[in-house]
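# A closer look at the structure
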Protein chains: 2
Amino acid sequence: MRYKLIVSYIGTNYSGFQIQNNKKTIQQILQDVLSKVCQLQITVIASGRTDAGVSAISQVCHFDTSKEINEKKCLSYSNSLLPKDIRILSIEKVDDNFHARYNAKQKTYDYFFYVGMKNSVYESFATHVGINLDIQEMINACQFIIGEHDFSCFCASNTNVKDKVRIIYDCKIIEVDEHLYKLEITGNGFLYNMVRIIVGTLVMVGQKKLKSSDIVKIINMRDRSKAGKTMPSKGLILKKVVY
Amino acid sequence: MRYKLIVSYIGTNYSGFQIQNNKKTIQQILQDVLSKVCQLQITVIASGRTDAGVSAISQVCHFDTSKEINEKKCLSYSNSLLPKDIRILSIEKVDDNFHARYNAKQKTYDYFFYVGMKNSVYESFATHVGINLDIQEMINACQFIIGEHDFSCFCASNTNVKDKVRIIYDCKIIEVDEHLYKLEITGNGFLYNMVRIIVGTLVMVGQKKLKSSDIVKIINMRDRSKAGKTMPSKGLILKKVVY
């Protein structure tokens, strides 16, 4: 039997999603709790790993069991055992062909950032990017990221992935509140650190170190060193996975 | 000499703004740090107290000194001593007639709430109000709160304030993201627990226990027991004070 799991978590206190020796990871905690609840050894497969410090509003996973489970009881018992910064939103039985990673068609990430003086409230979930940025020019730059491109420029160099072509369906900056913004980006998949490097590059546009149209040149050069820095993981949230 | 202070804080770990014996309060910590930095006994007066658990993006305060201080040095030294969940955004010399509390003309609060299943990300700063609410009816209800009214119905009973007439300039519910909303309310002043009781009453509208137009009747009855419950302090943020 295969079950689909929707999970939210705050990444702050974890070394990312994926299991690593001697580190506190979301996958480890989920597996420990589900194994206890189901009285079976459970392996949890996610739509993709998220890095240390990255949060998720609805990460999608699946796991297999050798016997039927009561989804409702499993949900409430698991949540009673999980730490508060990890919550299971739903458990439902799915077809054996469903695969949380391979069947994911689309993902949406938010990256929160703010300008002005550092304040405690925004600092708790968003990245401070300076006193004053040309946000309008950053908004203009977003359009050049949309489309099917080889995004080698926005991929961390320490990766084994060969095909760096991805489709970005939507990319926009939204003013959430005074001084507070988010980049909302949807694509068929994302390369390692891709969203964080895109934000770092857009910040250079906001700082007038780049023009918005320079984004086109940077993408065409396919060279990581031409893009901006990798922004901190704080601020990044996996919002939605579509199948 | 009088100085105006803009401060942000996350209320979670404090027993509110105002000094209380043997409790960790924002006022106490600000006074301790400023007294050390200025080498003077400093008393900090805020635009108003905020309750335990309530955060502020820009609370305004003032304090007096018997000698000139270097604002820039005071700002950076104070921030280096303050805990991260309290940040001073600015310090500037003002006229001796300026009073953070008595001169405040207008305040804006945000109250964050969300629907759907409980998730860790929203749960960290917003109040969960149920699986499904009639948000449109809650939006309609907001218009009946705007204006000059005796708001006795939205005032906690344990208060000494006699004049309960306040002017609400604006009151609206904004969809921040899927399932996540905030009430943004601006007025010339707020009664004890007023925003939290307004949200509690609007939630009853969303649950269809009240019609939006019932708000008018509730206000006219001037009776706390007719309004909804006081919502948790988590979710409430003092956003702006105008002078």
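Residues numbered from 1 in each chain as written. Chains lettered and ligands numbered in written order. Predicted model: local features only at pLDDT ≥ 70, side-chain atom pairs only at ≥ 80, totals over all residues. Heavy atoms only, no water.

## Quick word on the relation of the copies chain B and chain A
Heads up, the condition is: Superposition of the copies was done by least squares, using only C-alpha atoms of residues whose pLDDT is at least 70 in both. Every residue pair with non-hydrogen atoms within 4.5 Å of one another is taken to be in contact.
Laying chain B over chain A is done by rotating through 180° and shifting 0.0 Å along the axis; what remains is an RMSD of 0.0 Å. Between the two chains, the operation in question is that of a two-fold axis. The position closest to the rotation axis in chain B is occupied by the C-alpha of Val176 of chain B, lying 3.7 Å away. Take the interface residues of chain B: 100% of them recur as interface residues in chain A, which is what a same-surface contact looks like.

## A look at the domain arrangement of chain A
Accessible area lost upon the coming together of the parts is a frequently used measure of interface size. All names here are of chain A. To be explicit about the condition: Note that the domain bounds were set by an automatic or database domain assignment. Defined in terms of a 1.4 Å probe, buried area is the accessible area two parts forfeit on being brought together, summed over both. Salt bridges are defined as contacts in which a side-chain nitrogen from Lys or Arg sits within 4 Å of a carboxyl oxygen from Asp or Glu. We call two N or O atoms a polar contact when they sit within 3.5 Å, provided that within protein one can donate a hydrogen and the other can accept it, with sequence-adjacent residues counted only if both atoms are side-chain atoms. Each residue is assigned to one of three groups, with Ala, Val, Leu, Ile, Met, Phe, Trp, Tyr, Cys and Pro labelled nonpolar, Asp, Glu, Lys and Arg labelled charged, and all others, Gly among them, labelled polar.
In terms of domains, chain A is made up of domain 1 (2-94) and domain 2 (106-242). Residue-level contacts link 13 residues of domain 1 with 12 residues of domain 2. The junction of domain 1 with domain 2 conceals about 930 Å² of combined surface from both sides, 54% of it contributed by carbon and sulfur atoms. Among the residues domain 1 hides against domain 2, the three largest losses belong to Asp51, Val54 and Ile57. Together they make up 39% of the total. Across the pair Asp51 and Arg196 runs a salt bridge, and its minimum N-O distance is 3.4 Å. On the surface where domain 1 and domain 2 come into contact, there are seven residue pairs in polar contact (both at pLDDT 80 or more). Partitioned by chemical class, the residues of the side of domain 1 that touches domain 2 number five nonpolar, seven polar and one charged.

## With respect to the pairing of strand 10 (residues 236-242) of chain A
Residue and element names in this part refer to chain A. Quick note on the threshold: Only protein chains enter the area calculation, which uses a 1.4 Å probe; residues under 20% of their type maximum are buried, those over 50% are exposed, and those in between are partly exposed. By definition, any uninterrupted DSSP run of H or I lasting at least four residues is a helix, any uninterrupted run of E lasting at least two residues is a strand, and each is numbered from the N terminus. DSSP calls a pair of strands paired once it identifies at least 2 bridges connecting them.
Most of strand 10 is tucked away: five of the seven residues are buried. Pairing analysis gives two bridges linking strand 3 (residues 55-64) to strand 10, with the strands arranged parallel. If you follow Ser55 over to strand 10, its bridge partner there is Ile237. Pairing geometry for strand 5 (residues 106-114) and strand 10, over six bridges, is antiparallel. Across the sheet, Asp110 pairs through a bridge with Ile237, a residue of strand 10.

## Thoughts on the confidence of the model for chain A
Detailed conclusions should not be drawn from predicted coordinates in areas where pLDDT is low. Just so we agree on the cut-off: Along the chain, pLDDT gives the predictor's confidence residue by residue, from 0 to 100.
Residues of chain A with pLDDT of at least 70 account for 100%, and the chain-wide mean is 96. Taken over the whole predicted complex, pTM reads 0.92, whereas the ipTM for its chain interfaces reads 0.88.

## Quick word on the side chain of Asp110 of chain B
Take Asp110 of chain B: it is sitting in strand 5 (residues 106-114). According to the relative accessible area criterion, Asp110 of chain B is buried, its value standing at 1%. Side chain to side chain, Asp110 of chain B and Lys239 of chain B meet in a polar contact 3.2 Å long. Ignoring any residue separated from it by four or fewer positions in sequence, one finds Asp110 of chain B in contact with Asp177 of chain A together with Lys182, Leu183, Glu184, Gly235, Leu236, Ile237 and Lys239 of chain B.

## Let's talk about the interface of chain B and chain A
The partner chain A presents 27 residues to the 27 residues of chain B that form the contact. Here chain B and chain A share an interface that buries about 1800 Å² over both sides, 61% of which is from carbon and sulfur atoms. For the interface between chain B and chain A, the tally reads six salt bridges. The partner of Lys182 of chain B in a salt bridge is Asp177 of chain A, and the shortest N-O contact between them spans 2.5 Å. For the pair chain B and chain A, the number of links is 14 residue pairs in polar contact (both at pLDDT 80 or more). Grouping the constituent residues of the side of chain B that touches chain A by class yields 12 nonpolar, five polar and 10 charged.

## Observations concerning unusual backbone geometry
The phi angle of most residues is negative, glycine excepted, and most peptide bonds adopt the trans form. Residue and element names in this part refer to chain B. With a phi angle near 50°, Gln39 is a residue other than glycine that sits in the positive phi range. Residue position: Gln39 is located in the loop between helix 1 (26-38) and strand 2 (45-46). If you check the backbone angles, Asn193 has positive phi at about 65° while not being a glycine. Within the secondary structure, Asn193 sits in the loop between strand 9 (180-187) and helix 5 (194-206).

## Quick word on the packing of aromatic side chains
To keep it simple, the criterion reads: The rule is short: rings of Phe, Tyr and Trp, with Trp giving its six-membered ring, pair when the centres are within 6.5 Å, and they are stacked under 30 degrees, edge-to-face over 60, tilted in between. By definition here, charges over rings are those cases where NZ of Lys or CZ of Arg is within 6 Å of the ring centre and within 35 degrees of the ring normal.
All told, the structure shown has 19 aromatic pairs over all chains when counted by the stated rule. Look at Tyr114 of chain A and Tyr122 of chain A: their rings are 5.5 Å apart centre to centre, the planes differ by 70°, and that puts the pair in the edge-to-face class. Here the two residues Tyr114 of chain A and Tyr122 of chain A agree in accessibility, since each one is buried. Centre to centre, the rings of Tyr3 of chain B and Phe63 of chain B are 5.7 Å apart; their planes meet at 25°, and the pair counts as stacked. Separated by 60 residues along the polypeptide, Tyr3 of chain B in strand 1 (residues 2-9) and Phe63 of chain B in strand 3 (residues 55-64) bring together distant segments of the chain. The exposure class assigned to Tyr3 of chain B is buried, which follows from its relative accessible area of 0%. Residue Phe63 of chain B is classed as buried on the basis of its relative accessible area of 0%. Each member of the aromatic cluster is reached from another via a ring pair, and the members are Phe112, Tyr114, Tyr122 and Phe125 of chain A together with Phe112, Tyr114, Tyr122 and Phe125 of chain B. Of note, Lys24 of chain A hangs over the ring of Tyr14 of chain A, and the distance from its end group to the ring centre comes to 5.0 Å.

## Details of helix 4 (residues 135-142) of chain A
All names here are of chain A. To be explicit about the condition: Each C-beta atom gives one direction from the helix axis, and the arc is the one those directions make.
When we look at burial in helix 4, the residues that qualify are Ile135, Met138, Ala141 and Cys142. For helix 4, the buried positions fall inside an angular range of 115° around the axis, keeping them on one side. In this structure, the buried side of helix 4 is in contact with strand 5, strand 8 (165-177), strand 9 (180-187), helix 5 (194-206) and helix 6 (214-221).

## Let's talk about the environment of Lys208 of chain B
Residue and element names in this part refer to chain B. With respect to the helices and strands, the residue Lys208 is situated in the loop between helix 5 and helix 6 (214-221). For Lys208, a relative accessible area of 62% translates into the label exposed. Taking the C-alpha atoms as reference points, Lys208 and Met138, separated by 70 residues in sequence, lie 9.5 Å from one another.

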